[in-house]
Amino acid sequence: MDIKQLQYFVTSTDCGSFKKAADLLYTSQPHISKCIKALEEELQVELLRRKARGVELTEAGKEVYSTARRMLKDAEALSALSQSTSRKKLQIGCLANDHLIHVITGYIQNYAPEDTVITYTEGTLQELMNQLNHHHIDIGFVSVNQAMLPAFQQKLESKHLSFYPLQQRQMHLLAGPSSSCYNNTSVSEKELKELRMIRFHGDADFFSQESYIPAAGDTPFRQLDYSLHTNSRQLLVNLLQNTDYCLLDSSIEPGLFGEGRIHTIPVEGKKIFSSFGYIRSSRESLSRSAEELLQYIRQSDLTD
């Protein structure tokens, strides 16, 4: 049995005749018929019922047909993979981060080699860890609540992953024109409790800054009105720009998606910090492409 026999069998089935299959595959009808006959003898079953106006699958042929199609698809994928091995790959995973997106865009525009195939995906912390373990990404960029770093690093160790910090960022309040604190130079604990808040990402990321806020008993953020939960970035931006909802965050850059429509306001009192960095396998070396991206990020204003 070989791939060519399976191709002839599947194509003849799809076309409904040996003649049409031969025309499509640029060969002769007798050759198609001979190859399929050899396949039937090898499998010891009749695959196609020959009729005056074409062919049709037998019951045994229906089972072989499904398997043959999968085998041809896998063979095609392997062929495409072998053809692409000469090109470098850079597979990036990320928690949503405006400034990082801005920097990666600059990298792609001005620095990335033309022979590099780049894949960029966003997900939760758990999704990025799973993607690293299954080799779907080379490197994952995340923001983790500073207070939860020890627990986060312990979890990573159990999955043979490591976290490397690049920058510490402070949480701030994001507010649009409809918010009562839009023009404030800072916001107090009392003022925060009077605002309607958006909980971005919900409970998706246990180690993220946002999931820690409601339980932070020693911070001014414990009893805030989180009346709206969402993981939709578009809804989040629309709400900030057009309603009085506000957001506590450290990864969103208002200046990157609006002409001053959303203000960044410092929070008075005790601060919550997040640590921005990347996670990678502790068992394997980073690819050359991932190392080049990290060098570009370190030289950008992202890590200033």
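No experiment lies behind these values; they were computed from the predicted model shown.

Visitor: Would you mind going over helix H6 (residues 125–133) with me for this structure?
Guide: In an α-helix, one turn spans 3.6 residues, which is why side chains three or four residues apart end up on the same side. For H6, the full list of buried residues reads Leu125, Leu128, Met129 and Leu132. Relative to the axis of H6, the buried residues are bounded by an arc of 100° and lie together on one face.

Visitor: Honestly, the packing of aromatic side chains in this entry has me stumped. Any pointers?
Guide: A full pass over the atoms with the stated rule returns 8 aromatic pairs. Measuring from ring centre to ring centre gives 5.5 Å for tyrosine 107 and tyrosine 296, while their planes differ by 65°; the resulting arrangement is edge-to-face. Linking tyrosine 107 in helix H5 (residues 98–110) with tyrosine 296 in helix H11 (residues 288–299), this pair joins segments that are 189 residues apart in sequence. The partly exposed category is assigned to tyrosine 296, whose relative accessible area is 21%. Ring plane angle 15° and centroid distance 5.1 Å describe the contact between tyrosine 164 and tyrosine 278, whose orientation is recorded as stacked. Of this pair, tyrosine 164 sits in strand S6 (residues 161–170) while tyrosine 278 sits in strand S12 (residues 273–281); the two residues are 114 residues apart in sequence, bridging distant segments of the chain.

Visitor: Got a minute to help me understand the pattern of salt bridges in this structure?
Guide: Should their charged atoms come close, side chains of opposite charge can pair. Counted according to the given criterion, the structure contains 9 salt bridges. A salt bridge links lysine 19 to aspartate 23; the nearest nitrogen and oxygen atoms lie 3.4 Å apart. Here the residue lysine 19 and the residue aspartate 23 both occupy positions in helix H2 (residues 18–25), the gap between them amounting to 4 residues, near one helical turn. Residue glutamate 292 is joined to arginine 288 by a salt bridge in which the shortest nitrogen-to-oxygen separation is 3.3 Å. Linking glutamate 292 with arginine 288, this pair stays in helix H11, spanning 4 residues, or about one helical turn. Of the residues examined, arginine 288 reaches a relative accessible area of 61% and is grouped as exposed. One connected set of salt bridges, linked through shared partners, spans Arg49, Lys51 and Glu56.

Reading the values: the criteria
Residues numbered from 1 in each chain as written. Predicted model: local features only at pLDDT ≥ 70, side-chain atom pairs only at ≥ 80, totals over all residues. Heavy atoms only, no water. Buried < 20%, exposed > 50% of the residue type's maximum accessible area, 1.4 Å probe, protein only. Helix = DSSP H or I, 4+ residues; strand = E, 2+ residues; numbered from the N terminus. Arc of directions from axis to C-beta. Phe/Tyr/Trp six-rings, centres within 6.5 Å; stacked < 30°, edge-to-face > 60°. Salt bridge = Lys/Arg side-chain N within 4 Å of Asp/Glu carboxyl O.

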